[in-house]
Amino acid sequence: MAPDYVAFDLETTGLDTERDSIVEIGAVCFSYDGVIDSYQTLVNPRCSLPAPVQVLTGLRDEDLRDAPPLEVVAADFERFIAGSVLVGHNICGFDLPVLDAQGIRRPDAAYDTQRIASIVMPALGQYGLADLVEHFAIDFPVHHRALPDAEAARSIFLALLDKSLELPAEVLGQIAQWLTPTAFPWRGFFRDAWEIAASRPPVKRSMIREPAERDLRPVKPRQDAARVAVEEPLAVLAAAASRPDVFEQFEERSEQRQMLEAVCGALNDGTRFMVEAGTGTGKSLAYLIPAACQATASGGRVVVSTSTINLQEQLTRKDIPAVQALMPNAGVLACQLKGRRNYLCLRRFDALRNGPALSDDEAYLASRVLVWLGETGTGDRGELRLSPEEEALWWRISADRAECTNDNSPFVVDGRCFLLRARRRAEASHIVVVNHALLLSDIGTGGRVIPPYEQVVIDEAHHLEDEATRQFGFNCREKDLDALLDRCEAIVPALQNALRTAPVALDAWQQIASMAAGLPEAARSARPRVRELCGLLAAFLTDHSLPGEEQKLHVTTSTRVQPDWSSVEIAWENCRLTLNDLAGRLGKLAERLADAEKVGMLNQELIVGDVGRCLEDAQGYLAGLSQGLESDDPERIVWLEADRQDGGVIVSWVPLSVSDLLREGLYAERKTVILTGATLRSQGGFAYLQSRLGLDDCETLALGSPFDFRRAALVLCPRDMPDPQSPVFIDRASQTIIDVVRASRGRALVLFTSHAMLRATHNTISARLQEEGITVLGQGISGSPRQLVRMLRSSPESVILGTSSFWEGVDIPGDTLSLLVIARLPFAVPTDPVYAARAALYEDSFSQFALPQAVIRFKQGFGRLIRSRTDRGVLVVLDPRIVAKQYGASFLQALPPCPIKQVPVRQMPDEIEAWLARPGGDSPLSATLPATVGDAGA
């Protein structure tokens, strides 16, 4: 007879599992047939309850004063859970360690609904308690109290069990087989589900979802294609007003119409064109509709490139389907294309399934992937939301090399290969959505990644230079070299294990084993040379960096003539020889494995992939380090820096300029190049971005926003803040942030230019704002950017402190975000090697380079505040240079027309309260007006 289950939850004084105390326990004993019993008690922690916990739970110190201490409660709770299987949400990550730290005896079996859900529903993405409650439509009126949370975990557990029984028995059996040897306390869940499934009618579902597209035909441009009359895309746009099934509310904007007409003309004429479209324009529809009309009329293809995931998802999930619905007879085909490493290789995964025992982490990822195979139509890892630990394992089963599409793969033959399917979809598509990284990597491969195209639209074009800098550059961490050597040493044991399954007399495998035998020794020989090189580089970095500066050193001609640089050069030569030997052995082994016919060697696909990846990395590090350490190229920026994670050394280099690379590799091969975004101009024109991107002679168009910013936004600038370089600036800024966030009752975002200032401010303001019920959420402190946005939306009486991730791409419309604070004007760090080298190219580096760059960033930050016609908000700039310096006018003039006030900081809270209290009905910002569609913003 199966044991009963006990779902439980703990509320504690904090998140430190070793030191914080339990304040409440809730538990529910149940079986498949229903609830058997429940248990709930408050616990006296013998300390004051922290303000954040009081806000979260609603508990107060007086509620706990007369509660029994844990030593009284423990025995009762141990009896309640004895002999059962524990159930709870994230109990492996938190609740079980707390019980263990408090010495409470518990059963070993513990079914963590968070981990189980990530396997049963691998593509859900979010596995928080509230996420799963919402997904399963579970009644959950009370949050963050132990008994209601335990009851929610019970309901989720039963829902997950039902969900798991929808899987084929062979899937459940395979997962149970993988997980049974692991140390996961929840491993028995899938064995239980498998046993239940065995007594039921079999689930009829393929383990791999069959391809939906079988007869895709590549688009072929027609030589006699006529120009698209502008009236055609305008008619499609106008049709949106009569399609409430596509757009719940729609209002055509004059700016959107102007942009659509200009894009249509550029596509017809084959020009280079740059257009800035303010927030609310609906720029994505303004280029997608003419692109769809052009591509379907000509039989050609338009590539759309973006920078952020948010915009890619908007285009593929919302805007492109809308265009397809508005053009039902045009047959518009579209897809998203990613680099090959984003796609699962079925051959490699099959080899993993049939291989020897997996590690715990491999078993967990393989289980998720196996369930996902029955659901996914793309094999795109983006559907899985992999953790950093899973990312490190994904490369073993990804379509990492060109051989993945060889005709001898059974998955290629039967059409199920995900990479092949992705390429065929792209070849058959009129619109292909990519990111800037793939767009630029396609240049390096000679156009073998993206199907041939003559027309490209580059959205979020202000990111193109930075992405080109990354794509055309090089980066090698000390730990990357260590990991390469570790992987090379691990190849031989894996190969020996695999060869045990091959026929003993097979000479080919014996030759392979002999050839591989020297790899561990080659890796061991390289290791001290790598250590010596990295040690000398780290010492050189320390000795030649200025005290107090970030550990980053620009390696210039003058740097290379320092006496201790010769030691670096000697160490690199010694290291290069050993890495060359290692790469040579890997190359010969890779060739031999490729020639060998598969006759039963276990895990051959994975081993071939591992060897190929090691060879590719070894060759890449050799070439990159040689270019960075050996040669002094004036067209290359080389620098050393300390790794923030482990203190190891990093060697990096990038091209001094990417304009020629873009001009020759991207623009020259295209008939039409259109660049767009909400923040392309600086100091009144496009000249800065045109010169940086190599498009000095392109046509330009600037379109404002349809929003009435005079009614929507107020800008407050300080009269009496100290200079940002002053030692009292952070203290004064922190106090001002407290005052203005109080005035807005949270609903705030504070933008910083450095993590150090963010952390200092968080430490100063958290406790004081928490006392007033306002939660302070710090990027890198309280969670990821995505998590912080979700927390703000669910609890508006909060303030987010964010750095680079929050300056753009964050969309929080409505009253949830009413206050935006910019702590410092976003100038680049002057000592950054890339900035310093590029700034040196200008006669007046500040006004020609630093200022335009900062103004564009400032505009991006301001764009977070007003996201719809009905939004109202206040921007507070704490940096006094915006009014004290002559160049400050460049920042203010870059904003849309809105009231700007220069006031003492003590007056700011009153100004904020008055502005936010103004009724919205007396202005064009009425909530009855429709929102703009087709615009992701900057």
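Residues numbered from 1 in each chain as written. Predicted model: local features only at pLDDT ≥ 70, side-chain atom pairs only at ≥ 80, totals over all residues. Heavy atoms only, no water.

### Considering the overall build of the chain
Right, on to step 1. When helices and strands are tallied, the chain shows 37 helices and 23 strands.
Right, on to step 2. Taking 30 Å as the expected radius of gyration for a compact globule of 938 residues, we find that the chain reaches 30 Å, a close match to that expectation.
Right, on to step 3. Structurally, the chain occupies a C-alpha span of about 80 × 75 × 70 Å along its principal axes.
Right, on to step 4. Expressed as a percentage of its 938 residues, the buried residues of the chain come to 54%.
Right, on to step 5. Within the chain, residue pairs in contact and separated by at least 24 positions form 77% of the contacts whose partners lie at least 6 positions apart.
Right, on to step 6. A total of about 39300 Å² of accessible surface is found on the chain, and carbon and sulfur atoms cover 49% of it.
Right, on to step 7. Here the chain holds 96 positive side-chain charges and 124 negative ones, and the gap between their average locations is 3 Å. (Helix = DSSP H or I, 4+ residues; strand = E, 2+ residues; numbered from the N terminus. Rg over C-alpha atoms; globule rule 2.2 N^0.38 Å. Buried < 20%, exposed > 50% of the residue type's maximum accessible area, 1.4 Å probe, protein only. Contact = heavy atoms within 4.5 Å. Areas by Shrake-Rupley, 256 points an atom, 1.4 Å probe, with all protein chains shown as cover. Lys, Arg positive; Asp, Glu negative; His and termini not counted. Charge placed at Lys NZ, Arg CZ, Asp CG, Glu CD.)

### A short note on empty space enclosed by the protein
Right, on to step 1. The full count for this structure, using the stated rule, is three cavities of 30 Å³ or more.
Right, on to step 2. Estimates place the volume of the largest cavity at around 70 Å³.
Right, on to step 3. It is helix α15 (residues 360-373) that provides the largest number of residues to the lining of the largest cavity, a total of three residues.
Right, on to step 4. Of the residues assigned to the lining of the largest cavity, the class counts are five nonpolar, no polar and two charged.
Right, on to step 5. Counted as a void, the second largest cavity has a volume near 60 Å³.
Right, on to step 6. Along its surface, the second largest cavity is lined by Cys476, Arg477, Glu478, Leu481, Leu533, Cys534, Leu537, Leu625, Val649 and Val651.
Right, on to step 7. Among the secondary structure elements, those contributing two or more residues to the lining of the second largest cavity are β11 (474-477), α21 (478-499), α23 (519-544) and β14 (649-655).
Right, on to step 8. By residue class, the composition of the lining of the second largest cavity is eight nonpolar, no polar and two charged. (1 Å grid on protein atoms, 1.4 Å probe; cavity = no way out; pocket = protein on both sides within 12 Å on 5 of 7 lines; lining within 4 Å. Points joined across faces, edges and corners; volume = space filled by probe spheres on them. Nonpolar A, V, L, I, M, F, W, Y, C, P; charged D, E, K, R; others polar.)

### So, the nonpolar core
Right, on to step 1. Counting residues in hydrophobic clusters, the biggest one holds 98 residues, and the most contacted among them are Phe190, Leu344 and Phe349.
Right, on to step 2. Per element, the largest residue contribution to this core is nine residues, and it comes from α15.
Right, on to step 3. Counting 49 residues, the second largest nonpolar core, distinct from the first, contains Cys488, Cys534, Leu579 and Ala618. (Core = buried A, V, L, I, M, F, W, Y, C linked by side-chain atoms within 4.5 Å.)

### Notes on the packing of aromatic side chains
Right, on to step 1. With the rule as written, the count across this model stands at 30 aromatic pairs.
Right, on to step 2. With 6.0 Å between their ring centres and 25° between their planes, Phe474 and Trp653 make a pair best called stacked. Of this pair, Phe474 sits in strand β11 while Trp653 sits in strand β14; the two residues are 179 residues apart in sequence, bridging distant segments of the chain. The burial state of Phe474 is the same as that of Trp653; both residues are buried.
Right, on to step 3. Put simply, the rings of Tyr5, Phe30, Tyr32, Tyr111, Phe157, Phe189 and Phe190 pair up and form one aromatic cluster.
Right, on to step 4. Directly above the ring of Tyr364 sits Arg115, whose terminal nitrogen or CZ lies 4.2 Å from the centroid.
Right, on to step 5. A cation over an aromatic ring shows up here: Arg487 above the ring of Trp395, its NZ or CZ 5.0 Å from the ring centre. (Phe/Tyr/Trp six-rings, centres within 6.5 Å; stacked < 30°, edge-to-face > 60°. Lys NZ or Arg CZ within 6 Å of the ring centre and 35° of its normal.)

### Examining the sheet that holds β11
Right, on to step 1. Reading across from one edge, β11-β14-β13-β12 is the order of the four strands in this open sheet, with antiparallel pairing throughout. Each of the sheet's edge strands pairs with one partner strand only, and the pair in question is β11 and β12 (552-555). Strand-to-strand twist across the sheet, computed as the mean angle between neighbouring axes with direction ignored, equals 15°.
Right, on to step 2. Two elements, strand β13 (residues 636-642) and β14, share seven bridges in a ladder whose sense is antiparallel. Note on β14: the bridge partner recorded for Leu640 is Val651.
Right, on to step 3. This element, helix α26 (residues 604-629), spans β11, β13 and β14 of the sheet and lies at about 105° to β11. (Pairing = 2+ DSSP bridges. Axes fitted to C-alpha atoms, helices over the stretch in contact; angles between N-to-C directions.)

### Remarks on the confidence of the model for the chain
Right, on to step 1. Per-residue confidence for the chain gives a mean pLDDT of 90; residues scoring 70 or more make up 94%.
Right, on to step 2. Here helix α22 (residues 507-516) is the element of the chain with the lowest mean pLDDT, 76, and strand β21 (residues 819-822) is the one with the highest, 98.
Right, on to step 3. Between residues 921-938, whose pLDDT stays under 50, and residues either more than four places distant or in other chains, the model counts 64 contacts. (pLDDT = per-residue confidence, 0-100.)

### Observations regarding the side chain of Arg560
Right, on to step 1. The topology assignment puts Arg560 in helix α24 (residues 557-560).
Right, on to step 2. Here Gly628 takes part through its backbone oxygen, which lies 2.9 Å from a polar atom of the side chain of Arg560.
Right, on to step 3. Side-chain polar atoms of Arg560 contact the backbone oxygen of Leu629, separated by 3.1 Å. (Polar contact = N/O pair within 3.5 Å; in protein donor to acceptor, adjacent residues only side chain to side chain.)

### Brief notes about unusual backbone geometry
Right, on to step 1. If you check the backbone angles, Asn90 has positive phi at about 60° while not being a glycine.
Right, on to step 2. Among the structural elements, Asn90 can be located in the loop between β4 (85-88) and α4 (91-101).
Right, on to step 3. Although it is not a glycine, Glu460 adopts a positive phi angle of roughly 50°.
Right, on to step 4. Within the element layout of this structure, Glu460 appears in the loop between β10 (455-458) and α20 (464-471).

### Things to note about the pattern of salt bridges
Right, on to step 1. If you walk through the whole model with that rule in mind, you get 50 salt bridges.
Right, on to step 2. Here Asp459 makes a salt bridge to Lys283, at a shortest N to O gap of 2.9 Å. Residue Asp459 is located in the loop between β10 and α20, and its partner Lys283 is located in helix α12 (residues 283-298); the two are separated by 176 residues in the primary sequence. Just as Asp459 is buried, Lys283 falls in that class too. (Salt bridge = Lys/Arg side-chain N within 4 Å of Asp/Glu carboxyl O.)

### A word on α4
Right, on to step 1. Within α4, the full set of buried residues consists of Ile91, Phe94, Asp95, Leu96, Val98 and Leu99. Angularly, the buried residues of α4 cover 165° about the axis, an arc narrow enough to put them on a single face.
Right, on to step 2. The inward-facing, buried residues of α4 contact β1 (5-12), β2 (22-31), α3 (70-81), β4 and β5 (110-112).
Right, on to step 3. Looking one or two places after α4, you find Gly103, whose phi comes out positive at around 75°. (Arc of directions from axis to C-beta.)

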